Every structure is written in structure tokens, then in C-alpha cells.
Amino acid sequence: MVSYILRRVLSTVPVMAIVALFVFSLLYIAPGDPAAVIAGDQASPADVERIREGLGLDRPFLVQFGTWLWRILHGDLGTSIFTNLPVSALIAQRIEPTLSLMVLTLVLTILVAVPLGVVAAWKAGSWVDRTIMAFAVFAFSLPVFVVGYVLAYVFALQLDWLPVQGYTPLAEGFWPWLQNLILPALALGCVYIALIARITRASMLEVLQQDYIRTARAKGLDQRSILFVHALKNAAVPIITVIGIGVALLIGGAVVTESVFAIPGLGRLTIDAILRRDYPVIQGIVLMFSFLYVLVNLMVDVTYTLVDPRIRY
Amino acid sequence: MTVSTTSTALVPPGLVVAPHLPDLLLPVAIRRGVLGFLRNHPTVAIGGALLLCLVLVGIFAPFLGTVDPTALAPAKRTRAPSADFWFGTDMLGRDIYSRVLYGARVSLTVGLSVAALASLAGLAIGLVSGFVRWADGIVMRFMDGLMSIPPILLAVALMALTRGSVGNVILAITVAEIPRVSRLVRSVVLSLREQPYVDAAVASGTRTPMIILRHILPNTLAPMLVQATYICASAMIVESILSFIGAGTPPTIPSWGNIMAEGRALWQVKPYIVFFPAAFLSVTVLAVNLLGDGLRDALDPRMAKGL
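Quick notes on the rules
Every chain is numbered independently, its residues counted from 1 as its sequence is written. Chains and ligands are labelled sequentially in the order written, the chains with letters from A and the ligands with numbers from 1. A pLDDT threshold of at least 70 governs which residues receive local features in this predicted model, and a stricter bar of 80 or more applies before side-chain atom pairs are shown or counted, although totals over entire chains, interfaces and linings include all residues. By definition, any uninterrupted DSSP run of H or I lasting at least four residues is a helix, any uninterrupted run of E lasting at least two residues is a strand, and each is numbered from the N terminus. Think of it as a crowd count around each C-beta: if 20 or more other C-beta atoms lie within 10 Å the residue is buried, if 12 or fewer it is exposed, and in between it is partly exposed, with C-beta placed from the backbone throughout. Working definition of a contact: two residues with C-beta atoms, positioned from the backbone, lying within 7 Å. Buried Ala, Val, Leu, Ile, Met, Phe, Trp, Tyr and Cys residues form a nonpolar core when they are connected through C-beta atoms within 7 Å. Under this grouping Gly is polar, as are all residues other than the nonpolar Ala, Val, Leu, Ile, Met, Phe, Trp, Tyr, Cys and Pro and the charged Asp, Glu, Lys and Arg. To estimate how far a helix should extend, the number of its residues minus one is multiplied by 1.5 Å. As a rule, the C-alpha atoms of each element are fitted with a line to give its axis, helices using only the stretch in contact, and angles between N-to-C directions run from 0 to 180 degrees. Here the angle decides the label: under 35 degrees means roughly parallel, over 145 means roughly antiparallel, 65 to 115 means roughly perpendicular, and every other value means oblique. The crossing is said to be left-handed when, going from far helix to near helix, the turn is anticlockwise and less than a right angle, and right-handed when the turn is clockwise.

Regarding the overall build of chain A
At step 1: Helix and strand counts for chain A stand at 12 helices and 0 strands.
At step 2: The secondary structure elements of chain A, listed N-terminal to C-terminal, are α-α-α-α-α-α-α-α-α-α-α-α.
At step 3: C-alpha extents for chain A along the principal axes are approximately 85 × 55 × 35 Å.
At step 4: Looking at the 313 residues of chain A, the share that counts as buried comes to 35%.
At step 5: In chain A, 73% of the contacts between residues at least 6 apart in sequence involve partners at least 24 apart.

Structural data, given as C-alpha cells:
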């Protein structure tokens, strides 16, 4: 078990190295000369050349990549061209709303999607099943900002139940924090709920045909414990896999959701960075989200062995 | 009691006559040809018909009562939908109906091009990596790396390097989609290589290119086609997201994402500016997804199990 986890952790190293190489190449081939930008308009070509040497920009690609990687490993993501602040500080400022949104969406999704999928599999072929699956097909086709605007229009503008937009830090109280995040989380979770409900149903259908489910029925266990204890536990591995893969959807969707609901998180930072062509910031964000994604999928792999002791590596 | 009047005469007392049962297995109508296929798979028919309508709308946009979608008319700003302006006008007085119809061109072009390009590139990479052992490790580690960058962020990062144009949007989304196709093709190739008929072909001296062309390629087409529809749907969503956050199609070209981005500032007072492109985008993506689900059920019944 421990050696498996260790090996699995080590296997993320080459993946992250490739991500890093790719992200570094982005900055390397990005248009514009950082040395000329730093030197300013008044600088002579010799000044620019000196700054370039000072920054090490005249050295070969791999050497530059090495020094850059070394700094990254020490937590230095570079400096924003536009604000002159360290990228890590910019990310730290904006990370709370984004993480709040993503975690809340994840919790909401699992709470809604898994029971929906279980019920659909239990009532397979009935109108309940068909309604849930039709919903899943439709929800899967709805782009996140479309859901966001519809939800905001109905529940915030028309019914006035929840705030239209904005964000309140968790430090100012749980309810104000939650109130601002319910609609964004629902909008962001919509596609995700559809995806996980579908995979839960598929996985449950397979498990429900097994002999031990018939045994459990024959023993006279009630339906609920058959479904949620016996069946769901055995159907969990594919569901957890898709939850892990779906985090990529969540990360991409968060950028847009934040823009619809005016949440000052990493999404806003990304959009501002794109508009200003602030490459170090874009680079830092891509690197951080990719790291998060790899980390989540690492956790997913480790969870397998906890959920299903039959899985050995 | 008149129920059993006819039977009492024939059946001895004490016996119950079995009621006439309907035939359990109705004669199966064998459906052939394109129409038969569509009748057997209604989701393909519905999705395909919707998509065809939207393609026609995109192609014939100039003849559907539209005006120049970029024509400014400051005097007619933010008009609500009416008989003159079916979907209203935006803050620069441009006709939203025309813009939405022309926007179909961008979405469909991007969706179809990305699906085609990503499938071709993924097919090539998947075949190489499934057949050339030494390349497999390198290529797949590289794909793992690309896959661990969320696709939208990857496209955003690539778009940040270049000017916004439809061609660049297509390229950026294609790069983000290639890893998934190549993984799919590779897994299909690896399982096909173990098939007895491939062994037989090898044993009878068929050269590798011929094996790929004759035995492997045709069998990858079905899963690829299904995958291509999902890529098309996802590409259209990513295009609209890129345009929405200002990293996609340039604002001079009307695309659904651009129209929504321009309506964003006003959406609380003029929700229709955002509503119409959003509705069109959702219907288009739904059509492509229905087509994909239907094709998956039709082409690979095992894959459809339960989903």
C-alpha cells in the first residue's frame, strides 16, 4: 500500500515536468522582448543587451528552463509584467474565492448527482429513470455561462432570493459566504452533475445484476441499504475516477463562472492577464491549476485502494 | 355471467380457459437504408436534423431577413425584441437577429474543423504510438502532460500567444483536444493488435502499412466518429468561452461568445442580448451531443451499456 502510494507519487514527477516544459515554452516563444520592456523606451541597444545578459535571456533554452524550474521549485513563479508584483502573491490574493467555489461545487455535485444516478439505476427503464437521464443529456449540453445567467435571472433578479453577484470572504461568516456562492456553484456544477449522474447510473446498473445483490435481497435487507451500502460501494471506483477527471471541467468552468457572477478570484486574474498579455501570470495560473489537477487525480488513485481493497498494485 | 358462454359448451366444467394472449414477439420489421437506420435510432435523426437546420441557417444567413451584422446604428441602441428587430439590438445598435445567425457560422466552423483536425492528428499519433513500441512511451508521457493541463486553460494560454482569429482559435482548441483522441485510438489499436485476424495477416506476410490500412483503420473509425461528435460539441463550448472572456474570435466577427461578452455589462437590464446567442449555442451543442449519443448506441452497443 505504502509502496504503491510512493510509486504513484513518483509517477507524477515526469508528468509535471512535461507540464512545466510546456508552460515554460509558452513564455519562451511569447512575442515581445522582456529585456526591452524592462529597459524602457530610452534605453540604447547596449543597455538592452546588458539587461538581457543580466536576466540570463541570452543563454540556451535548456539552461534557461533549468534556472526557471529551480525558481519554481522554490516557490518563485516570477513577476507580473503589469503590476510588478510576484505572481505567487497575486495568486495567493485571489485563491480563496476560486477554491471556495470549486469545493462547494464538488460537494453539491456529489450530493445531488450520486443519489440521482442511484435512483435512476434502481428504477431503470421507468419514467423516473428516463426523466433523470433526459435531464442529464440536456444539462450536459448547457454551457456554464448559459446556466449561470438563467439562474441569476430567475433566482436573483426575478425572485430576489439570493444576491446577483459578488463574493463575501468566509471570514465574514458562513451564511453570507454561502449565499453568494450557491448560484455560481449550481451553474458550475450543472455539467458535472449530469456527467456524474450518468456514470453513477451506468456503474450501478452493472453492480445491481451481481449475485450478491440478489443474496442481499433474499436476506430481506431493505432497499436503501442494498442500494447505498452494498451496491454503491462496489460501484464507486468508476464514479470516483470521473469525479477526478471532471475537476478539469470544474477548473475551466470556474474561470467563466467567476466572470458571470463577478467573483474576484483566479478566473478574473486570468482574464485580466489575457487582456494585458501578462505572460508570467498566465503561466503561473496554468501551472498551478495543472498541479492541482494532477494532485486531485493522485488522490483519486489512492482512494481506489481505500474504497476497494481488492485493488492491489 | 356472459363471459364464458361460448367456452362452457366446449370445455368440461372445472377447467378454465386460458385467455387469448397477444403474440409476445411481434414480427420485426427489417429496416434498411438510411431511413431505416434513422427510424431505429431516433436520437441520431433528431440531433442530425437539428444540426442540419443550423448548418443551413449558417450557410444561408444572408438570405434569412438579416441585415449587415456589423452595421452600427447608434440611434437604435438596445431596442427590445420587436417586429422590426426580432431579437432586439445591442448597445451599438446592431441587429442581434443578424448577429446570432451569422454567429452560427463561427461556431459550426470551429466545431467541425476542430473535430476533423483533432481526429486526424489524434489518429496519426495514436497509430504511431500503438505500433511503434519505442515511440509509445515518449508520446504517451507527453500526452499525459498535455492532458493534465485543463483544456480551456491550455487553449487560453495558446490564444494569449497569438492574435485572436478564427484560425488560431481552431488551432488552439485542436491542440487541447488531441491527447484524448490519440489515447482512444491507441487503446483501440492495442486491443486490435491482439486479434487473431491481425495475427493471421502478419503470419501470411502482410506488410505493416497494409495491416494498418486494411485491418486496423476501419475498426477505429466507429469509436473515432463518436469521439469526433463529442469533440465538436466541446470545441463549440470552448470557442464561446474563449470569445466570452476576450481570448477568442476577434470582436469584429459576430460569434455567439462575442455577442454574450458584449451583452454582459447590460444583462441585468437587457437580458435578451445574452439570451438569444445562449439559446442558439445550447441548442447546437445539444444537437451534436444527441447525434453523438445516438451514434454511440448504434455503432457500439457494448459501449452504450447503461449510459
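Structure shown, so let's carry the discussion forward.
Let's talk about the nonpolar core
At step 1: I196(A), V114(B), A155(B), V156(B) and I173(B) are the most contacted members of the largest nonpolar core, which totals 151 residues.
At step 2: Ranked by the residues each element gives to this core, the list is headed by helix α8 (residues 174-208) of chain A, at 18 residues.
At step 3: Not counting residues within four places of it along the chain, the set of residues in contact with A155(B) comprises A172(B), I173(B), A176(B), V238(B) and L242(B).

Some remarks on the interface of chain B and chain A
At step 1: Tallying the contact residues gives 37 residues for chain B and 44 residues for chain A.
At step 2: When grouped by side-chain class, the residues that make up the side of chain B that touches chain A number 25 nonpolar, 8 polar and 4 charged.

Describing helix α5 (residues 133-147) of chain B
At step 1: Spanning 15 residues, α5(B) covers 21 Å between terminal C-alpha atoms, matching the ideal 21 Å at 1.5 Å per step.
At step 2: Buried residues of α5(B): M143(B), G145(B), L146(B) and M147(B), and no others.
At step 3: Against the buried residues of α5(B) lie α1 (2-29) of chain A together with α7 (166-193) of chain B.

As for the packing of helix α5 (residues 87-122) of chain A against helix α12 (residues 279-307) of chain A
Residues and elements named next belong to chain A.
At step 1: Packing of α5 against α12 leaves a shortest axis separation of 10 Å and a crossing angle of 60 degrees. The orientation of α5 with respect to α12, classified from their angle, is oblique. For α5 against α12, the interelement crossing comes out right-handed. Judged by residue contacts, V87, L90 and I91 of α5 engage P280, V281, G284, I285 and M288 from α12.
At step 2: Class assignment for the residues of the contact of α5 with α12 results in 7 nonpolar, 1 polar and no charged.

A few points about unusual backbone geometry
At step 1: Phi at A262(A) takes a positive value of approximately 50 degrees, unusual for a residue other than glycine.
At step 2: Inspection of the secondary structure puts A262(A) in the loop between α10 (223-260) and α11 (266-276).

Things to note about the environment of M140(B)
All names here are of chain B.
At step 1: Looking at the element boundaries, M140 is found in helix α5.
At step 2: Among the residues examined, M140 registers 18 C-beta atoms within 10 Å and is labelled partly exposed.
At step 3: When the C-alpha positions of M140 and R183 are compared, they lie 7.8 Å apart, and in sequence the two are 43 residues distant.

Here we look at the packing of α1(A) against helix α4 (residues 61-73) of chain A
Residue and element names in this part refer to chain A.
At step 1: At a closest axis distance of 11 Å, the pairing of α1 and α4 adopts a crossing angle of 115 degrees. Relative to α4, α1 is oriented so that their crossing is right-handed. Contacts from A20, L21, F24 and Y28 of α1 reach α4 at F61, F65, W68, L69 and I72.
At step 2: Looking at the contact of α1 with α4, its residues break down into 9 nonpolar, no polar and no charged.

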